[in-house]
Amino acid sequence: MLIRELKIPDSYEVTPKQFGDDRGLFLEWYRFDALEEAVGHSLSLAQANTSVSKRGVVRGIHFADIPPSQAKYVTATRGAVLDFVIDIRVGSPTFGQWDSVLLDEVDRRAIYIAEGLGHCFVALSDDATVSYLVTAPFNAPREHGIDPLDPEVGLEFPKEAGELLLSPKDTEAPSLAEAAATRLLPTWDAARAFYDTLNNKGN
């Protein structure tokens with residue numbers, strides 16, 4: 001597999017090698033050793049999630065308090081989504097910026113999103129099925145959101161998504177500036193300190 005760091009530090013696009021024949025195809029969509037080499041530490045996986053969304057559904061921007069927050073390894077097993085990683089770590093050199101990866105049934109890519117980063121996707125097809133491997137169980141009091149339509153963030157949703165559909169939770173989420181003003185966001189220093197503890201566990 002090919003692993004490429006995105007423009008947001010601590011996030012990666014993963015493109016697997018597919019082996020096809022007249023029966024179908026086979027691929028490795030997650031390899032702990034390959035990802036460990038890229039990010040500097042192994043993932044301690046704690047939970048696996050699946051969501052199914054109709055075209056236009058937007059999920060996010062979501063994040064969790066750090067530590068421990070929740071690193072995510074995400075792929076689409078059916079249909080297509082455009083998956084966004086947003087740097088919400090106050091003090092980061094790329095704070096407020098984002099990058100995206102198309103997750104679909106063609107290239108079968110995955111995206112790795114480290115703890116402390118924001119995550120969002122928009123479904124580009126009906127029955128878009130997304131699977132997540134995550135490093136910490138869901139903990140409602142520590143989970144937060146930012147308005148995915150916040151113009152300061154400026155996520156660009158493709159035309160093929162059609163009419164956007166958001167949950168009340170996401171439409172009522174604060175803007176990036178509001179979340180920063182109330183100290184809801186993680187900091188770059190706290191994130192880096194936490195990553196260092198993870199990297200040092202293997203030494």
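Residues numbered from 1 in each chain as written. Predicted model: local features only at pLDDT ≥ 70, side-chain atom pairs only at ≥ 80, totals over all residues. Heavy atoms only, no water.

Draft legend 1. Structural detail: the layout of surface pockets. The calculated volume of the largest pocket comes to roughly 430 Å³. Lining the largest pocket are 21 residues, with Arg 59, His 62, Lys 72, Tyr 132 and Lys 169 sitting closest to its centre. Residue assignment for the lining of the largest pocket shows that the elements contributing at least two residues are β5 (47–53), β6 (58–64), β11 (118–123), β13 (143–145) and α2 (168–171). The biggest single contributor to the lining of the largest pocket is β6, with 4 residues. Classifying every residue of the lining of the largest pocket gives 7 nonpolar, 9 polar and 5 charged. With 4 residues, helix α4 (residues 188–201) is the single largest residue contributor to the lining of the second largest pocket. (1 Å grid on protein atoms, 1.4 Å probe; cavity = no way out; pocket = protein on both sides within 12 Å on 5 of 7 lines; lining within 4 Å. Points joined across faces, edges and corners; volume = space filled by probe spheres on them. Helix = DSSP H or I, 4+ residues; strand = E, 2+ residues; numbered from the N terminus. Nonpolar A, V, L, I, M, F, W, Y, C, P; charged D, E, K, R; others polar.)

Draft legend 2. Up close: the nonpolar core. With 33 residues, the main nonpolar core has Tyr 73, Val 81, Val 85, Leu 103, Ile 111 and Tyr 112 as its most contacted residues. In terms of residues, this core owes the most to one element, strand β12 (residues 128–134), which gives 5 residues. Once residues within four sequence positions are removed from consideration, Val 81 is found in contact with Val 101, Leu 102, Leu 103, Phe 121, Val 122, Ala 123, Leu 124, Ala 128 and Val 130. Ranked by size, the runner-up nonpolar core spans 20 residues in total, among them Val 58, Phe 84, Ile 88 and Leu 185. (Core = buried A, V, L, I, M, F, W, Y, C linked by side-chain atoms within 4.5 Å. Buried < 20%, exposed > 50% of the residue type's maximum accessible area, 1.4 Å probe, protein only. Contact = heavy atoms within 4.5 Å.)

Draft legend 3. A look at the sheet that holds strand β2 (residues 11–15). One open sheet holds the 6 strands; their spatial order is β1-β2-β10-β7-β12-β5, and the pairing between them is antiparallel. Two strands in the sheet have a free side with no partner beyond their single neighbour: β1 (2–5) and β5. The average undirected angle you get between the axes of adjacent strands in this sheet is 20 degrees. Alignment of strand β7 (residues 72–78) against strand β10 (residues 110–113), held across 4 bridges, turns out to be antiparallel. Note on β10: the bridge partner recorded for Thr 75 is Ala 110. (Pairing = 2+ DSSP bridges. Axes fitted to C-alpha atoms, helices over the stretch in contact; angles between N-to-C directions.)

Draft legend 4. Region of interest: the UniProt feature "active site" (unreviewed entry) in the protein chain. UniProt feature "active site" (unreviewed entry): in the numbering of this structure it lies at His 62 and Tyr 132. Spatial clustering of the annotated residues is evident: they stretch over 71 residues in sequence, but the largest pairwise C-alpha distance comes to 13.4 Å. None of the other annotated residues line the largest cavity; only His 62 do. Within the secondary structure, His 62 is located in strand β6. Looking at His 62, the relative accessible area reads 23%, which means it is partly exposed. Ignoring anything within four residues of it in the chain, the contact list for His 62 reads Lys 72, Leu 117, Gly 118, His 119, His 144, Gly 145 and Asp 170. Position of Tyr 132 relative to the elements: it lies in strand β12. Sequence-distant contacts of Tyr 132, that is, excluding residues within four places in its chain, are made with Gln 47, Ala 48, Asn 49, Thr 50, Ser 51, Tyr 73, Val 74, His 119 and Phe 121. (UniProt positions renumbered as here; feature names shortened; annotations may be inferred.)

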